[in-house]
Amino acid sequence: MAGNPLDPLQALSAALAVPADSKEQAELLAALRESLEAHPSPIPILCTTLIRTVSGAGESLLKRWVLDLLHFAICRSSLSLEVRTQLASQSIDILANLLNDPSVRTVKVVIQCSNRTQRQQWDLLTQCKTRILDFVRSPTANNGVKLSAIKFVQKVILLQSRGISDPRLQNKNDPNIANVPVDHPFLSASALEAEGMKLLENVITMLYTSQEPNILTAIVNSWSTLIKQRPSLVHLIVSSLISWTPVSLAGLPVSAIKSVEKSIRILLVHISRGPHGSAFGAQINEALAIQAQRMERASAEEKARKAAVAAAATEATRKRPPSSIPPEEQADPKRLKAEVDNAAANSAAFLAAFDFTTLPIGLVTDLIVANLQAFSEPALMNLVQSYRQSRGLPSVPPTKPPQPPDSVARIEGTPVGGTLAGVEAVKEEVVDPLKMDIDEEEMEYEPDKLNLELSGEEAAAYEEMIPVDIPDDLPFDLLDFKLPSPKDLSADERVALMRGAVTRIWDGAEDLRRTTSMGSSQTANDMWMLLIVRMITRAVILPGASESPKDDAESSDAADAQLTALCSRQDALRQTLCEYIMSDFPSRLRLAITWMNEEWYNDRIRSAADPNWRPNYESWLNQIVSTYQTILESKADGKPDSRDKAFSRFLLDLPDVPSDVLDMLRDLSVEAEKMHVGFTTLRDLVLERPSLRAEALRVLLDLTTHPDSVTRRAAINTVRRWVPGVEPLHSMIRDFALQILRRLQKRPSQESKGTNGQANDGQLPPEELIQTPYLIDEIQLPAEKSHVLQHVELLFALSVKIPEFLDEIFVSYSQMDITVQEAIQDLITALIKSLGSNNGKLLTLMRTCPPGSESLALRVLTIFTEHGRPSVQLVALVKGLISERDLDARFLIPIIAEMDKVDIMRHLPRIVSILNGQPEPKNLVRSVFSSIVTTPPQTFGSVTSNLPRVRQSELLTPAELMVLLHEAEKEIGLKSAIEAIGICFSMTDVFRSEILAVVMQQIVDEPVLPVLFLRTVIQAVTTYKSLVPFVSTTLLSRLITKKIWQNPHLWEGFIRCAKVIAPASFGALLQLPKEQLRELVDKQPSLKSGLRDYVTKKAGNKARVAGFLDIFGDDDNTPSSASSPAAPLVSTT
């Protein structure tokens, strides 16, 4: 039907065409409903059309079908929320009118539709709500309607209370009072919330006062949703439930009260197992215990009442008086007989079909006793004989009445027969022996009195057995009586006897369970387990030494042989018990625990009596443990059930756990498939066995240094839950973690030790360092990261919860080898990220880090800033730290971009000074330049001296950076400054030709020129040929006016620059004084010919030209510049 939907209009027309309320119409409407549930899109059209048609009609099949379809569409269909809301809004008027419908079923469906209706047409919906609440309060309302109204009240309480405040847990499909806007024109959130709480109080009052079990059950069942969606009301609901008692239900049947009790019990258990039950666990458990006692007491009273009613009915039947009806009013005997026969036949037919197994055992017993009492003893015996004859069974001879002993007759002087004949037979009432009140005095052991009361036949038989020559007055004293020794049995007979005894104990467990009182501390299983275990462990008496000194050797050999056979037999019994237990260890856990406790106790008492006693406890415990390991290894998937904690409970209840068992737990913990068993057991031993706490915790702590990361982290997760606050575990874990950390420190040499053998630096001597089975004796250098991780991962995990451990890490770090420090810097990343840059302890430690741990503090700073901007607090801390301590310039790198321009220009030279020709510092400085320099726009101005020299910004312009590098060349160092300027030239997108022109213009105007200035100029014109005209016409002329030749380094750079840009520089060179021009051509002879040609072509003042030609002369015999060594431009010494 779901795959082939019906045409709703055709199907509805076919249903309306058949007779109304007929079977055919019901089938057609059911088929249409099934199709609409699978394909609900046509439902809104059908409902809005049909609901108005049937609303005013009488009760009919079509009307019920339409209302049910509307209920399905609004409450349970897969239509969107908007469609359902629109359908509810369109139907609200009709639903309000139908609340007054005379049909109970119609009213119930309308109320259920109102459960999901959104609060559109508010006034009309308020009227509907008031009418539905009247159904709840009305004492004459139909129970079905009242149950639906209670469900509606539950929805109103949900709607008019506040939902979960945590936005991560909020459900958009959970409308609540928080959805009402504060400025709503006619809805008051506070008033609605107060009304919701008042309704909840009324429902709670109804829980305590209502006498209808169905109503109470409906209230309790509706609270499960309230608890889940309104956690704030859990306290009120739990308080109401645990205080409830069935006082208002007094006089109702026990089954009805029990139904309500079970509903409350189920809800309390559900709350205790939910996320909100931990806070009320103690209260709920106490309430459940009180309720269980109350239910048991009510059940016992009901059984007693039924038994009393049955007994009274039986007694009334047995003692019914004869009929007092006059003879003339008595019925005809034949007619009476026929009626009696018919009644008997009907009664027999009813009893034959009745299942007596449904009756309580106590009631059946009472009925049997009452029916037996209804017959006299002869009549009962006749009935028994008749039954046996009908079954073909042999008859039982009639029993003789009990005769008093002959001795009694002789003492009284009256014949026995005469005594019985003269005494009228008195029928004694049958007494239930279980109800007899027997005092202690009546249970006294009086053998003489019992001998006198023997029956006649037994006395006669006994007298025949007595020899004639024994005098009558022979004293019979049992004070010195001793039982004879037991019969000596063979091995097979002993085994058979033991098996029979065990079988009887086993089979009698059920009877023992029934006879054990509820308040008993031992159950039937405890009794039979204890009996079986003690038969195996204690029912053995070892042969003692020979009392005679003769044949000592032979008696000793015989005793040894007997002892060996005895021990072998007992070991065979123990092996049988062990195999039985291990075949289903979780189910037979209590038997295993009982056995081991008995073995341990038996070893103690036997060892005290016999020093040569062979202990059995440890050997059989090892047998159980090894067998359990074998079972784990033989599992199909190789993994134990993570929910199975049988082995852990077994070890917890042992009186003593040997060390080899702890070693076995250690081995289980390192296997991935079995580590759950090992860690769970060790954890429970630490928590619940104080005597084993140190040993079990040490195993767990050793595992925190295991090479395998899975095992190590499992151990760390196990122990870190006890830190902080759980003493003494917290102190033990802390000491272990710190001692493991100190293993990474440098070992003091013999020379560094004092005269008393202690290290002068406060470190522990090597012999006092802690050692685990998984750590190497001494860490090898250079250290491997994996070895370092074994030492520090526990402490790092603890530092997340206790940041004070960071002090120990920083102190120890300063005493470690450089390779260990590098590993620590890498491994600490996850810890620092988890603490965050706002952690107060971490910030304080960075400010006060001990000497030698600065590199670790720098790593912390780098971690904070590698994926984001540093906080203002962090920037202020580092700035203060730099001013207070002489720290590495690398501390400035992460925060330099967050400083203002003044601080950037003050601290940047220190950062640049770290350049040493290596790639790492070069990359760092490049990143700093990228972060503090703004990229100029592509339309940056042309080369002109009128450009603004300083940009009002917190970042530097490229020109400012280049100028700063030249001005601080002495602070930076010439080599580092040259490398930094080269980095700038490599950033071609920032340092373009126009930027370099501005830089050269600004520097040349300075009163003192930097040493590296001309080197930068040469590099600029080499990189950008477009700068040659600016340098040749403007820059060189400015340098000549500043008498550049007075500075030897700059003069050398000037000469080289002139050569690089020649012949463009010839015009500026002719501005030099003759002496400096002569020096220039002497140092660069290759320029003479060019200058001579330049002067000749100019043909200006002949005297001036002649002077220049005199300086330049003829260079035919002058060596070329290639053969003359060039002096370095800048001395780096």
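Residues numbered from 1 in each chain as written. Predicted model: local features only at pLDDT ≥ 70, side-chain atom pairs only at ≥ 80, totals over all residues. Heavy atoms only, no water.

Chemist: Could you clarify how one ought to interpret the pattern of salt bridges in this entry?
Modeler: Side chains that carry opposite charge are capable of pairing whenever their charged atoms lie near each other. Summed over the entire model, instances satisfying the criterion amount to 23 salt bridges. Across the pair Arg 1038 and Asp 1005 runs a salt bridge whose closest N-O atoms are separated by 2.3 Å. Here the residue Arg 1038 occupies a position in helix H47 (residues 1028-1041), and Asp 1005 occupies one in the loop between helix H45 (993-1004) and helix H46 (1013-1023), the gap between them amounting to 33 residues. On the basis of relative accessible area, Asp 1005 is assigned to the partly exposed category, the value being 28%. Each of Asp 571, Arg 574, Glu 599 and Arg 614 takes part in one network of salt bridges that share partners. (Salt bridge = Lys/Arg side-chain N within 4 Å of Asp/Glu carboxyl O. Helix = DSSP H or I, 4+ residues; strand = E, 2+ residues; numbered from the N terminus. Buried < 20%, exposed > 50% of the residue type's maximum accessible area, 1.4 Å probe, protein only.)

Chemist: What am I meant to see in the packing of aromatic side chains here?
Modeler: Within a pair of aromatic rings, the relevant descriptors are the distance that separates the centres and the angle that separates the planes. A complete count under the given rule lists 8 aromatic pairs for this structure. Each ring, one from Trp 595 and one from Trp 620, has its centre 5.9 Å from the other, and the planes form 45°; the classification is tilted. A residue pair is termed long-range when its members are at least 10 positions apart, and Trp 595 in helix H25 (residues 589-609) and Trp 620 in helix H26 (residues 617-633) qualify at 25 residues. Like Trp 620, Trp 595 is buried. With a centroid separation of 6.4 Å and an interplanar angle of 35°, the aromatic rings of Phe 647 and Phe 650 are classed as tilted. With Phe 647 and Phe 650 both in helix H27 (residues 646-652) and 3 residues apart, this pair spans about one turn of that helix. (Phe/Tyr/Trp six-rings, centres within 6.5 Å; stacked < 30°, edge-to-face > 60°.)

Chemist: Help me understand the side chain of Ser 648, please; the structure alone is not making it clear to me.
Modeler: Note that Ser 648 resides in helix H27. Within the local environment of Ser 648, its side chain forms a polar contact with the side chain of Asp 684, the two groups lying 2.6 Å apart. Once residues within four sequence positions are removed from consideration, Ser 648 is found in contact with Thr 680, Thr 681 and Asp 684. (Polar contact = N/O pair within 3.5 Å; in protein donor to acceptor, adjacent residues only side chain to side chain. Contact = heavy atoms within 4.5 Å.)

Chemist: I tried to follow the confidence of the model for the protein chain on my own but got confused; where do I start?
Modeler: The predicted structure's coordinates, where accompanied by low pLDDT, should not be read in detail. Scored by pLDDT, the protein chain has a mean of 74; 74% of the residues are at 70 or more. The least confident element of the protein chain is helix H18 (residues 416-422), whose mean pLDDT is 37; the most confident is helix H31 (residues 709-719), at 91. Low pLDDT, under 50, characterises residues 115-120; the predicted model gives this stretch 18 contacts beyond four residues in sequence or across chains. In this model residues 322-340 is a low-confidence stretch, pLDDT under 50, and it forms 1 contact with partners more than four residues away in sequence or in other chains. (pLDDT = per-residue confidence, 0-100.)

Chemist: Help me out: how do you make sense of helix H30 (residues 693-703) in this one?
Modeler: The element H30 is extensively covered by neighbouring structure, given that 8 of its 11 residues are classed as buried. Along H30, the residues classified as buried are Arg 693, Ala 696, Leu 697, Val 699, Leu 700, Leu 701, Asp 702 and Leu 703. Summarising the contacts, the buried residues of H30 are in contact with helix H28 (659-669), helix H29 (675-688), H31, helix H32 (729-742) and helix H33 (785-801).

Chemist: Whenever I open this one, helix H3 (residues 43-54) confuses me. Can you help?
Modeler: Structural remark: α-helix, 3.6 residues per turn; residues separated by three or four positions point the same way. With 12 residues, H3 should reach 16 Å at 1.5 Å per residue; the first-to-last C-alpha distance of 16 Å fits that figure. Among all positions of H3, only Ile 43, Pro 44, Leu 46, Cys 47, Leu 50, Ile 51 and Val 54 are buried. Across the axial projection of H3, the buried residues extend over an arc of 150°, all falling on one side. In H3, the exposed residues that point more than 90 degrees away from the buried face are Ile 45, Arg 52 and Thr 53. (Expected span 1.5 Å × (residues − 1). Arc of directions from axis to C-beta.)

Chemist: What is the right way to read a negative patch on the surface from this model?
Modeler: A grouping of Glu 618, Asp 656, Asp 660, Asp 663 and Asp 667 is seen on the molecular surface, where their side chains present a negatively charged patch. The element that contributes the greatest number of residues to the negative patch is H28, accounting for 3 residues. Here Asp 667 is to be found in helix H28. When its relative accessible area of 42% is taken as the criterion, Asp 667 is described as partly exposed. (Patch = residues over 30% accessible without salt bridge, like charges linked within 9 Å, V, L, I, M, F, W, Y side chains within 5 Å. Areas by Shrake-Rupley, 256 points an atom, 1.4 Å probe, with all protein chains shown as cover. Lys, Arg positive; Asp, Glu negative; His and termini not counted. Charge placed at Lys NZ, Arg CZ, Asp CG, Glu CD.)

Chemist: Looking at this model, I keep getting lost on the nonpolar core. Mind explaining?
Modeler: A general feature of soluble globular proteins is that nonpolar side chains tend to end up buried together. If you look at the biggest cluster of nonpolar residues, it comprises 197 residues, and the most contacted ones within it are Phe 585, Phe 650 and Phe 929. Here Phe 650 is in contact with Phe 585, Leu 589, Ala 592, Ile 593, Met 596, Leu 621 and Ile 624, once residues within four sequence places are set aside. The next biggest cluster of nonpolar side chains, apart from the first, holds 47 residues, and it includes Ile 92, Phe 152, Ile 204 and Ile 237. (Core = buried A, V, L, I, M, F, W, Y, C linked by side-chain atoms within 4.5 Å.)

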